[in-house]
Amino acid sequence: MAEENKVILHKTYASSYAMRVELARKIKGIQFECVDEDLSNKSPELLKYNPVHKKVPLLVHNGKPVSESLIILEYIDETWKTGPLILPQDPYERARVHFWANFIDQHLIPSTRKVWSTTGEEQEKAKEEIMEKLRILEEELKTTNHENDNLGLLQILLVTLFGSYKVYEEVLGMKILVPENTPLLYSCVTSLNKLPLVKEVCPPHDKMVALLSVYRQKLLKSNTN
Ligand SMILES: N[C@@H](CCC(=O)N[C@@H](CS)C(=O)NCC(=O)O)C(=O)O
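Residues numbered from 1 in each chain as written. Predicted model: local features only at pLDDT ≥ 70, side-chain atom pairs only at ≥ 80, totals over all residues. Heavy atoms only, no water.

Under the annotation held in an unreviewed UniProt entry, the chain carries the name Glutathione S-transferase and is attributed to Capsicum baccatum. Its UniProt record gives the chain the following Catalytic activity (unreviewed entry) comment, quoted word for word: "RX + glutathione = an S-substituted glutathione + a halide anion + H(+)". Here the chain is described in UniProt, under the heading Sequence similarities (unreviewed entry), as follows: "Belongs to the GST superfamily." (UniProt positions renumbered as here; feature names shortened; annotations may be inferred.)

Q: I'd like a rundown of the overall build of the chain, residues and numbers included.
A: Helices and strands together make up the secondary structure of the chain, namely ten helices and four strands. Counting only C-alpha atoms, the chain reaches 55 × 45 × 30 Å along its principal axes. Here the chain, with 225 residues, has 46% of them falling under the buried criterion. Pairs at least 24 residues apart make up 71% of the contacts formed inside the chain by residues separated by at least 6 positions. Approximately 11,900 Å² of the chain is accessible, and the part contributed by carbon and sulfur atoms is 54%. Seen as two clouds, the 29 positive and the 31 negative side-chain charges of the chain have centres 3 Å apart. (Helix = DSSP H or I, 4+ residues; strand = E, 2+ residues; numbered from the N terminus. Buried < 20%, exposed > 50% of the residue type's maximum accessible area, 1.4 Å probe, protein only. Contact = heavy atoms within 4.5 Å. Areas by Shrake-Rupley, 256 points an atom, 1.4 Å probe, with all protein chains shown as cover. Lys, Arg positive; Asp, Glu negative; His and termini not counted. Charge placed at Lys NZ, Arg CZ, Asp CG, Glu CD.)

Q: Can you tell me about the site of the ligand, naming the residues and giving the values?
A: Taken together, the neighbourhood of the ligand is formed by Ser 15, Tyr 17, Leu 39, Lys 42, Lys 55, Val 56, Pro 57, Glu 68 and Ser 69. Here a nitrogen atom of the ligand and a backbone polar atom of Val 56 are 2.8 Å apart. Taking Ser 69, its side chain carries an N or O atom lying 2.6 Å from an oxygen atom of the ligand. When the free accessible area of the ligand is taken as 520 Å², the share hidden by the protein chains comes to 73%. (Near = heavy atom within 4 Å. Polar contact = N/O pair within 3.5 Å; in protein donor to acceptor, adjacent residues only side chain to side chain.)

Q: Give a detailed account of helix 7 (residues 165-172), specifying residues and quantitative values.
A: Each full turn of the α-helix corresponds to 3.6 residues, which orients residues three or four apart in the same direction. Turning to helix 7, its buried residues are Tyr 165, Val 167, Tyr 168, Val 171 and Leu 172. Each buried residue of helix 7 sits inside an arc of 150 degrees when the element is viewed along its axis, so together they form one side. Gly 173, located one to two residues past helix 7, shows a positive phi value of around 70 degrees. (Arc of directions from axis to C-beta.)

Q: I'd like to hear about the side chain of His 61, residue by residue, with values.
A: By the element assignment, His 61 lies in strand 3 (residues 58-61). Engagement of the side chain of His 61 in a polar contact is seen with the side chain of Asn 5, the distance being 2.8 Å. In this structure His 61 touches Asn 5, Lys 6, Val 7, Tyr 75, Thr 79 and Trp 80, once residues within four positions along its chain are discounted.

Q: Could you give me a rundown of the sheet that holds strand 3, with the residues and numbers involved?
A: Taken in spatial order, the four strands of this open sheet run 2-1-3-4, and their pairing is mixed. In this open sheet, the two strands that pair with only one neighbour each are strand 2 (33-36) and strand 4 (64-67). Within the sheet, the average angular offset between the axes of one strand and its neighbour, ignoring direction, is 20 degrees. Two elements, strand 1 (residues 7-11) and strand 3, share four bridges in a ladder whose sense is antiparallel. Bridge pairing in strand 3 places His 10 opposite Leu 58. The strands touched by helix 1 (residues 16-28) are strand 1 and strand 2; relative to strand 1, the strand with the most contacts, the crossing angle is about 150 degrees. (Pairing = 2+ DSSP bridges. Axes fitted to C-alpha atoms, helices over the stretch in contact; angles between N-to-C directions.)

Q: Summarise the nonpolar core; cite the residues concerned and give the values.
A: Most often, soluble globular proteins keep nonpolar side chains buried together rather than apart. Counting residues in hydrophobic clusters, the biggest one holds 60 residues, and the most contacted among them are Ile 76, Ile 104 and Phe 162. Of the residues forming this core, the biggest block, nine residues, is contributed by helix 4 (residues 91-117). Built from parts of two domains, this core gets at least three residues from each of domain 1 (3-79) and domain 2 (91-224). In this structure Phe 162 touches Leu 108, Thr 112, Leu 134, Tyr 168, Ile 176, Leu 177 and Val 189, once residues within four positions along its chain are discounted. The next biggest cluster of nonpolar side chains, apart from the first, holds five residues, and it includes Ile 8, Val 56, Leu 58 and Val 60. (Core = buried A, V, L, I, M, F, W, Y, C linked by side-chain atoms within 4.5 Å. Domains from an automatic or database assignment.)

Q: How would you summarise the environment of Asn 181 if you had to cite specific residues and measurements?
A: Position of Asn 181 among the secondary structure elements: in the loop between helix 7 and helix 8 (183-193). Discounting chain neighbours no more than four positions away, the residues touching Asn 181 are Met 131, Leu 134 and Arg 135.

Q: Quick one: what's the story with the domain arrangement of the chain, residue by residue and with numbers?
A: For the chain, the domain assignment lists domain 1 (3-79) and domain 2 (91-224). Placing a centre on the C-alpha atoms of domain 1 and another on those of domain 2 gives a separation of 22 Å. Listed by partner, the interface residues are 14 residues for domain 1 and 23 residues for domain 2. Of the roughly 1,700 Å² buried between domain 1 and domain 2, counting both surfaces, carbon and sulfur atoms make up 69%. Area buried by domain 1 at its contact with domain 2 is led by Tyr 13, Arg 20 and Leu 23, which between them contribute 34% of it. Linking domain 1 to domain 2 there are four salt bridges. The salt bridge involving Lys 26 is made with Glu 200; its shortest N-O contact spans 3.0 Å. Where domain 1 touches domain 2, the interface holds five residue pairs in polar contact (both at pLDDT 80 or more). Mapped by element, the contributors of at least two residues to the side of domain 1 that touches domain 2 are helix 1 and helix 3 (69-79). When residues of the side of domain 1 that touches domain 2 are assigned to their parent elements, the largest contribution, eight residues, is made by helix 1. (Buried area = accessible area lost by both parts, 1.4 Å probe. Salt bridge = Lys/Arg side-chain N within 4 Å of Asp/Glu carboxyl O.)

Structural data, given as structure tokens:
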């Protein structure tokens, strides 16, 4: 890789935020060097280059850091003009995509966290909250002329968040993404899951079950302390 175009991605194996960047990199065909972070012992580079949040993903392009996955995706789209566009060019369409990306990050993901950290009635309530937010997203999908196998920003967010929905079913013992509630979203995620690029980025089912089972136990334990 030429020194003037050195790209390093700090990530962890199962971070869905990092998977967003991995997918963008594949879409654009960019050569990256990857650094796998241990979040209990973060690298000096991660602490130096992302001092505010100290989180992955972190992209370092020719020594210049870019953090926060949505910002990284936009940076990639603007910097590597070759390959398909991740964000629409039209200002209005772009604004809409930003709106729904923020909805996913600020409303949907916090609700999914609740379902992972609770049990019983509380978990059922959290599940209902997610289903309601998914129905809102479904309404948006109805208004857009989307193609299921087009990997734009929203598709990247949806497949990295819900592509492992069968893992969630196994670990949580409940179904969240179902065609009866949100048929378009369900068919969008299942079609995206079949794409070779997506398959390359998503960790295998059994490994995800093992990792997310540990994650759930940790969350439940920290909730009872
Ligand atoms: N808003 C951030 C969220 C990234 C995030 O939450 N990363 C987690 C891993 S999935 C992390 O690095 N956590 C480390 C920590 O909280 O110390 C983004 O979109 O990039």
